[in-house]
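So the chains spell out like this:
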Amino acid sequence: MVHTDRAGTHAAVSKAETFRALHRGRLPGDPLVLPGPWDAASAQVFADAGFPALATPSAGVAASLGYEDGATPADEMFAAVARIVRAVDVPVSADVEGGYGLAPKELVERLLETGAVGCNLEDSNGGVLKVAAQHADWLAEVRSAAGDQLFVNARIDVFEYGDSNPERVIERAALYVAAGADCVYPIGAPVGVLPLLRSGIQGPINVFARPHSPSPAEQLSGQLAGHLAELGERGATRITFGPGLQRRATHALREIAGHLMDASQSKGIWSQCQRTM
C-alpha cells in the first residue's frame, strides 16, 4: 500500500513539483529533453550525463523484458519502473500506456509505490481512439486521486489512429487540460503542424523525436541538436523519444556482436570453443 503519512506525501509532492517546475518558463528553442530509460543501467547513464529528469517509454521497457509493445503485464511494468526510479536521484515519469484497466485510485497508488513523479496516459485502446469526453472524465478521476503528487501527461493519438486533423487534437487537448492534465502529448504530430497546435493548446506540449538513425555518434549529435532546437522553436515544451533510444542502443549492440563474431571466427576461436563443448 502507498504510505500516506504526511512526510511521505510531502516528499512525493515536492519531487513532483520539482519535475513540474522543469516545464515552466521554457524559452522557444530550449525544450525540456527527457531521455527514455528502459532499465536501471540506461537510467544511470542518462542521469550521469546530466539530464534533470527521465521519462520511461513503455515500448522500450517492453523490449527489455522480452515483450511486444503493449503486451507487458502491469505488474512487470510497475516493477521495471520501480527499478529505474531506485537507480537514479532525478525525477522519473512513467509511461503506463492506457492504465492497464486499473481504476484511477489503484493506478495512482501503483504509480506512487514505484516512486514515479509523473505518467503518460494514452487516449486509445487497441488502435481505436477513446471517446474524448469519457477519457477526460477518467483523467479527472486520476487527477483527483493523485492530487499534486503526479504530473499527468495526456497522450493524444489522433495522428496515430484518428483522422490526423489538428483541430481534433486541439479539441481533445482542451478537454484533457480542463480535466487536470499537466501536459498533452500529440504523438506523431508532423513538425509543420506544431505551430498550429502551440497556438491552440494551453499549457505544455510533449513532442516525439526520432533519434534511431544509424549515423555515427558525432553526426547524430549534430543532427539531434538542430532537430531538438527546431522542435522547441515550433512549439515543443518537452521532448521524448519513445523507444528510439533503446532501439538505437540495440542497433549499436548488434553491430558490436557482429564484429565480435567476425573476430572470433577469423581467429578460429569459435571453432575451438565448439570442439571443447
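Our structure's up above, just so we're on the same page.
On a predicted model such as this, the values are computed, not experimentally measured, just so you know.

(A) Broad picture of the overall build of the protein chain. A tally of helices and strands in the protein chain yields twelve helices and ten strands. Burial status across the protein chain gives 47% buried among its 277 residues. Within the protein chain, contacts between residues separated by at least 24 positions form 69% of all contacts whose residues are at least 6 apart in sequence. When the accessible surface of the protein chain is split by element, carbon and sulfur atoms take 55% of a total near 13,400 Å².

(B) Region of the structure containing the side chain of Asn206. Structurally, Asn206 is set in strand β9 (residues 206–208). Only 2.6 Å separates the side chain of Asn206 from the side chain of Arg238, close enough to count as a polar contact. Apart from the residues within four sequence positions on either side, Asn206 is in contact with Asn153, Cys183, Val184, Tyr185, Pro186, Arg238, Ile239 and Thr240.

(C) Local environment of the sheet that holds strand β2 (residues 54–55). Ordered in space as β2-β3-β4-β7-β8, the five strands form an open sheet in which the pairing is parallel. Since the sheet does not close on itself, it has two edges, and those belong to β2 and β8 (183–186), each with one partner. For strand β7 (residues 151–156) and β8, the ladder comprises four bridges, and the chain directions are parallel. Residue pairing across strands places Ala154 opposite Val184, the latter belonging to β8.

(D) The nonpolar core, seen in detail. Core analysis: the biggest nonpolar cluster contains 56 residues, and Leu107, Leu121 and Leu197 have the highest contact counts within it. If one sorts the elements of this core by residue count, helix α6 (residues 132–146) sits on top with six residues. For Leu107, the contacting residues outside a window of four places in its chain are Phe78, Val96, Gly99, Leu102, Leu121, Trp138 and Val142. Core analysis: the second largest hydrophobic core is formed by ten residues, Phe19, Leu34, Ala53 and Cys183 among them.

(E) Local environment of the pairing of β7. Extensive coverage of β7 is indicated by the burial of six of its six residues. Residues of β7 alternate between two faces, with Phe151, Asn153 and Arg155 on one and Val152, Ala154 and Ile156 on the opposite face, all of them buried. The pairing of strand β4 (residues 118–121) with β7 spans four bridges and is parallel. The residue of β7 that forms the bridge with Asn120 is Asn153.

(F) Region of interest: the packing of aromatic side chains. Inspection of the entire model under this criterion finds four aromatic pairs. Look at Trp38 and Phe46: their rings are 6.2 Å apart centre to centre, the planes differ by 75°, and that puts the pair in the edge-to-face class. For the pair shown, Trp38 and Phe46 are each scored as buried. Geometrically, the ring pair formed by Phe78 and Tyr100 is edge-to-face, given 5.9 Å between the ring centres and 70° between the ring planes. With a gap of 22 residues between them, Phe78 in helix α4 (residues 74–87) and Tyr100 in the loop between β3 (92–95) and α5 (104–114) connect regions that are remote in the sequence. Residue Phe78 is classed as buried on the basis of its relative accessible area of 4%. Residue Tyr100 is classed as partly exposed on the basis of its relative accessible area of 23%. Taken together, Trp38, Phe46 and Phe51 form an aromatic cluster joined through their ring pairs. Across from the ring centre of Trp138, 5.5 Å away, lies the NZ or CZ of Lys130, which sits over that ring.

Thresholds, definitions, all that
Residues numbered from 1 in each chain as written. Predicted model: local features only at pLDDT ≥ 70, side-chain atom pairs only at ≥ 80, totals over all residues. Heavy atoms only, no water. Helix = DSSP H or I, 4+ residues; strand = E, 2+ residues; numbered from the N terminus. Buried < 20%, exposed > 50% of the residue type's maximum accessible area, 1.4 Å probe, protein only. Contact = heavy atoms within 4.5 Å. Areas by Shrake-Rupley, 256 points an atom, 1.4 Å probe, with all protein chains shown as cover. Polar contact = N/O pair within 3.5 Å; in protein donor to acceptor, adjacent residues only side chain to side chain. Pairing = 2+ DSSP bridges. Core = buried A, V, L, I, M, F, W, Y, C linked by side-chain atoms within 4.5 Å. Phe/Tyr/Trp six-rings, centres within 6.5 Å; stacked < 30°, edge-to-face > 60°. Lys NZ or Arg CZ within 6 Å of the ring centre and 35° of its normal.

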